[in-house]
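One-letter residues, chain by chain:
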Amino acid sequence: LIQEPVIPAVIAAAILTHHAPAQLQAELLPALTRGDTVLAVAYLEPTTRYRADTARTTARKQDQGHVLTGTKSVVWHGNAADAYLVSAQLDGALA
């Protein structure tokens, strides 16, 4: 039994389901469940000890997107990802 990419896909789906806007869920969840899209989950940081809610990475809005500043220690499937789910502080709150 191979755990990948099933476990990272389940984690990504759970994050999307609980935290993403409906439009993003509608776009990404079907492609993720079909296996058409690989999402890399970037939440582990060197100093947070497996707690996504204590992210020190920050995000700030710029033009049409965001600029991230920080370090992630592990990004599952980062080398093969079509998109990334990144935990960060935005305006003082976890985003």
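Here's a quick rundown of the structure. (Residues numbered from 1 in each chain as written. Predicted model: local features only at pLDDT ≥ 70, side-chain atom pairs only at ≥ 80, totals over all residues. Heavy atoms only, no water.)

### Digging into helix H1 (residues 6–19)
The end-to-end C-alpha distance of H1 is 20 Å, a good match for the 20 Å that 14 residues give at a rise of 1.5 Å each. Residues of H1 that are buried include every one of Pro8, Ala12, Ala13 and Leu16, and no others. For H1, the arc enclosing every buried residue in end-on projection is 135°, short of the 170-degree limit, so these residues lie on one face. Along H1, the residues that are exposed and aim more than 90 degrees away from the buried face are Val10 and His18. Of the surrounding secondary structure, the elements contacted by the buried residues of H1 are helix H2 (22–34), strand E1 (39–42) and strand E4 (83–86). (Helix = DSSP H or I, 4+ residues; strand = E, 2+ residues; numbered from the N terminus. Expected span 1.5 Å × (residues − 1). Buried < 20%, exposed > 50% of the residue type's maximum accessible area, 1.4 Å probe, protein only. Arc of directions from axis to C-beta. Contact = heavy atoms within 4.5 Å.)

### Remarks on the pattern of salt bridges
One pass over the full model with this rule turns up two salt bridges. With a shortest N-O distance of 2.6 Å, arginine 34 and aspartate 36 are connected by a salt bridge. One exposure class covers both arginine 34 and aspartate 36, and it is exposed. Here glutamate 45 and lysine 72 are joined by a salt bridge, their closest N and O atoms 2.7 Å apart. You can see glutamate 45 sitting in the loop between E1 and strand E2 (58–62) and its partner lysine 72 sitting in the loop between strand E3 (65–69) and E4, a full 27 residues away along the chain. Neither glutamate 45 nor lysine 72 differs from the other in exposure class; each is buried. (Salt bridge = Lys/Arg side-chain N within 4 Å of Asp/Glu carboxyl O.)

### Overview of the environment of leucine 16
Structurally, leucine 16 is set in helix H1. As for leucine 16 and serine 73, which are separated by 57 residues in sequence, their C-alpha atoms are 21 Å apart.

### Here's the deal with unusual backbone geometry
A positive phi angle, close to 60°, is found at histidine 77, a residue other than glycine. Following the sequence through the fold, histidine 77 ends up in the loop between E3 and E4. A positive phi angle, near 55°, is found at aspartate 91, a position not held by glycine. Structurally, aspartate 91 can be placed in the loop between strand E5 (89–90) and strand E6 (93–94). Given the relative accessible area of 72%, aspartate 91 is considered exposed.

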